[in-house]
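Structural features, examined
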Amino acid sequence: MTIFDIKRYSINDGPGIRTTLFFKGCPLHCVWCHNPESWSAKIQKTYKKSKCIGCRTCVEACPQGAIQLTADGIQPVAGVRCLQCGRCAENCPTTALEMCGREWTEEELLAEIEKERDIMLDSGGGVTLCGGEPLYTTSPTAQAEVLSLLRACGQRGFHRAVDTTLHVPDTAFLRQVADECELFLVDIKHMDSARHQQLTGVGNELILENLKRLSSWNTSIWIRIPLIEGINTDDQNMEQTARFVASLPHDKSDKGILQVNLLPYHDVGKDKHRRLWSTYNPQHLPMFPPSEETLQRCATHFETHGIKTIIGG
């Protein structure tokens, strides 16, 4: 399993205090994404210019000659393919260059999770599989690894949550995951599929169909909506989203749609794109944090339909 981060003491990825595992690979490339390092399923090189001392050690270590020192710091050499071998990062004396992601075995991940056992169980927390997209695979081997990890966490008494885009084409796999976790965290980005395609690179039909399936399987779901002024906070989209959520089971004590979290936009992804030599919001779409008035207006759409709504989280 390729993991690019393990976040301990998390309080925003499900109930209680949690350990969140961030998987590499995602079928969505949201223009506002704050984890663009998760898009590729492969291990990647990242560069933090503020740490660079211009010593050229990395340039000399690269067997492909794929990087160069310029007036703007280390840059890729056009037309030369980086093998992502990691030698540049291994030799960088200041960690300005680092490799994002590494392969973990189930046993290694369980050992990391066990480090925080007491605080997670005492707080009613657990383990969250996140990303990227932890279900981004059609490989039987990779699917078996995810299911085995979830099963092992359950056997050890940990509450299990899966934070997913639900852009998962294998319905049978999704059903197996549902049987091995206690909670799903699911984003709804936009209700208009053409707009969704523009914003994320994929339409929303599969996501919404999977959300219907998931709710029909008597699972527990938190809906999370990134609120971005200029993108999805207009009344038409908010009301359409609220009506769709309200059409799913949401009046049971512990199953169905348990709550909606409205997540105000932030642009932390800008710096991460710079580290990857990629471009944040290349379409130059207008994106702004929502005002308090907008947050309350959006919350009202869901509350009017009897849906528990939380700003943040």
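Before reading on, note that the structure itself is shown above.
Below is a short write-up of the structure.

Moving on: the sheet that holds strand β7 (residues 102-103). Pairing is mixed across the open sheet formed by 9 strands, whose spatial order is β7-β1-β2-β8-β9-β10-β11-β12-β13. Bordering the open sheet on either side are β7 and β13 (309-311), each of which pairs with just one other strand. Here strand β2 (residues 18-23) runs beside strand β8 (residues 126-130); their pairing, made up of 5 bridges, is parallel. Residue pairing across strands places Arg18 opposite Gly126, the latter belonging to β8.

Summed over the entire model, instances satisfying the criterion amount to 21 salt bridges. Between Asp179 and Arg175 there is a salt bridge, with the nearest N and O atoms lying 3.6 Å from each other. Judged by relative accessible area, which is 52%, Asp179 ranks as exposed. Overall, Arg175 belongs to the partly exposed group, its relative accessible area being 35%. Residue Lys270 pairs with Asp267 through a salt bridge whose shortest N-O separation is 3.6 Å. On the accessibility criterion, Lys270 (38% relative accessible area) is partly exposed. Because the salt bridges share partners, they merge into one network encompassing Arg8, Glu112, Lys115 and Glu116.

For β8, the buried fraction is high: 5 of the 5 residues fall into the buried class. As paired strands, β8 and strand β9 (residues 159-164) are joined by 4 bridges and run parallel to one another. Looking at the pairing, Thr128 lines up with Ala161 of β9. On the question of chirality, the crossover connecting β8 to the parallel β9 by way of helix α5 (residues 140-155) is right-handed.

Let us look at the packing of α5 against helix α6 (residues 171-178). Between two packed helices, what matters for the description is the angle formed by their axes and the separation of those axes. Orientation of α5 relative to α6, taken along the N-to-C sense of each, is 15°, at an axis distance of 10 Å. Taken together, the axes of α5 and α6 lie roughly parallel to each other. Between α5 and α6 lies a crossing whose hand is left-handed. Residues Gln143, Val146, Leu147 and Leu150 of α5 pack against Phe173, Gln176 and Val177 of α6.

Bringing the packing of helix α9 (residues 235-247) against helix α11 (residues 292-304) into the picture now. For the pair α9 and α11, the least separation of the axes is 8 Å and the interaxial angle reads 30°. When the axes of α9 and α11 are compared, the pair comes out roughly parallel. Both α9 and α11 take part in a crossing whose hand is right-handed. Here α9 contributes Asp235, Met238, Glu239, Thr241, Ala242 and Val245 to the contact with α11, which in turn contributes Arg297, Cys298, His301 and Phe302. Partitioning the contact of α9 with α11 into residue classes produces 5 nonpolar, 2 polar and 3 charged.

The next point concerns the environment of Val77. Locating Val77 in the fold gives a position in the loop between β5 (73-76) and α2 (87-91). Spatially, the C-alpha atoms of Val77 and Gln64 are 9.8 Å apart, while their sequence positions differ by 13 residues. The residues contacting Val77, other than those within four sequence positions of it, are Gly65, Ala66, Ile67 and Gln68.

A few words on the packing of aromatic side chains. Overall, the coordinates contain 2 aromatic pairs when judged by the stated rule. Ring centres of Phe4 and Phe22 lie 5.6 Å apart, and the angle between their planes is 55°; this geometry places the pair in the tilted category. Highlighted residues: Phe4 in strand β1 (residues 2-10) and Phe22 in strand β2, separated in sequence by 18 residues. You'll find Phe4 and Phe22 in the same group, each marked buried. Taken together, a centroid distance of 5.8 Å and an interplanar angle of 5° make the contact between Tyr47 and Trp277 stacked. In this pair, Tyr47 sits in strand β3 (residues 44-47) while Trp277 sits in the loop between α10 (269-275) and α11, placing the two residues 230 residues apart along the sequence. Look at Tyr47 and you get buried, because its relative accessible area is 5%. Accessibility expressed as a relative area gives 24% for Trp277, which makes it partly exposed.

Scoring rules and cut-offs
- Once a new chain begins, its residue numbering starts again from 1 and follows that chain's sequence as written.
- Reporting of local features is limited, given that this is a predicted model, to residues whose pLDDT is at least 70; pairs of side-chain atoms are given and counted only at 80 or more, and all residues count toward the totals for whole chains, interfaces and linings.
- Hydrogen atoms and water are omitted, and side-chain values are computed over all heavy atoms in the structure.
- Pairing between two strands requires that DSSP report at least two bridges joining them.
- In this text, helices come from DSSP runs of H or I with a minimum length of four residues, and strands from runs of E with a minimum of two, each type numbered from the N-terminal end.
- Any carboxyl oxygen of Asp or Glu within 4 Å of a side-chain nitrogen of Lys or Arg constitutes a salt bridge here.
- Working definition: with a 1.4 Å probe on protein chains only, accessible area under 20% of the residue-type maximum means buried, over 50% means exposed, and in between means partly exposed.
- If the strands point away from the viewer and the path from the first strand over the helix to the second runs clockwise, then the crossover is right-handed.
- Lines fitted to C-alpha atoms define the axes, with helix axes restricted to the stretch in contact, and inter-axis angles between N-to-C directions lie between 0 and 180 degrees.
- Roughly parallel means an angle under 35 degrees; roughly antiparallel, over 145; roughly perpendicular, 65 to 115; everything else is oblique.
- Each helix crossing is assigned a hand: it is left-handed if the near helix lies turned anticlockwise from the far helix by less than a right angle, otherwise right-handed if that turn is clockwise.
- The criterion used for residue contact is that any of the two residues' heavy atoms lie within 4.5 Å.
- In the scheme used here, Gly and all other residues not listed as nonpolar or charged are polar, with Ala, Val, Leu, Ile, Met, Phe, Trp, Tyr, Cys and Pro taken as nonpolar and Asp, Glu, Lys and Arg as charged.
- Any pair of Phe, Tyr and Trp rings, taking the six-membered ring for Trp, is counted once the centres come within 6.5 Å. Such a pair is stacked with planes under 30 degrees apart, edge-to-face with planes over 60 apart, and tilted for the rest.

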